[in-house]
Amino acid sequence: MTSPAIQGTPVDALHPLTADELAHACGVRIDWVVELVEVGIIESQVPSRVPTQWRFHGVDLQRALAAARLERDFGTNLDAAALIIDLQYEVRRLKTVLLVRGLGREL
C-alpha cells in the first residue's frame, strides 16, 4: 500500500509567499488577500500597489488563516478580526514576559 505524497512549500525569509500562493493556502480569492492588507492584518514585505508583486512570510500566513477562521466560525468582519488577532498576539507576548520573569504560571 502506498501513501499519498504530501507536497509542501517552505515559507521563510528566502522563500516568501506570493499573494496568489497565500490566497491558495487559505482557500480564498486574491481579493480577500487585498482586503487583509488594506485592514492591516497582513503586510507585504515588498511595498507595491500591485498585488502580484507582494510577498508574505509565515507570520502573515498564520494571521491570514486566523482571520479566515474568525470569519468562518464567528462571522467576524475583517476589522474585528484584525483587532482580535492583535489582542491575541499581545496576550501571548505578555504571558511570555511574565514567564520569563518568573511571575506567571505555565501556559
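Here, every reference points to the structure presented above.
Described in the following lines is the structure provided in the data block. Quick caveat, the model's predicted, so the values are computed rather than measured.

Further remarks concern the packing of helix α1 (residues 19–26) against helix α2 (residues 30–39). Following both chains from N to C, one finds α1 and α2 inclined at 105°, their axes separated by 8 Å at the closest point. On the basis of the axis angle, α1 is roughly perpendicular to α2. Facing A19, D20, L22, A23 and C26 of α1, the residues of α2 in contact are I30, W32 and V33. Its residues assigned to classes, the contact of α1 with α2 comprises seven nonpolar, no polar and one charged.

What follows covers the side chain of R63. Of note, R63 is situated in helix α3 (residues 58–74). For R63, the contacting residues outside a window of four places in its chain are G40, I41, I42, I85 and D86.

Counting 23 residues, the largest nonpolar core has L22, W32, L36, I41, I42, F56 and A67 as the members making the most contacts within it. Of all the elements in the fold, those that place two or more residues in this core are α1, α2, α3 and α4 (78–100). Here this core gets six residues from one element, more than from any other, and that element is α3. Each residue touching I41, except ones within four places of it in the same chain, is listed here: L36, R63, A67, L78, A81, A82 and I85.

Analysis parameters
Residues numbered from 1 in each chain as written. Predicted model: local features only at pLDDT ≥ 70, side-chain atom pairs only at ≥ 80, totals over all residues. Heavy atoms only, no water. Axes fitted to C-alpha atoms, helices over the stretch in contact; angles between N-to-C directions. Helix = DSSP H or I, 4+ residues; strand = E, 2+ residues; numbered from the N terminus. Parallel < 35°, antiparallel > 145°, perpendicular 65-115°, else oblique. Contact = heavy atoms within 4.5 Å. Nonpolar A, V, L, I, M, F, W, Y, C, P; charged D, E, K, R; others polar. Core = buried A, V, L, I, M, F, W, Y, C linked by side-chain atoms within 4.5 Å. Buried < 20%, exposed > 50% of the residue type's maximum accessible area, 1.4 Å probe, protein only.

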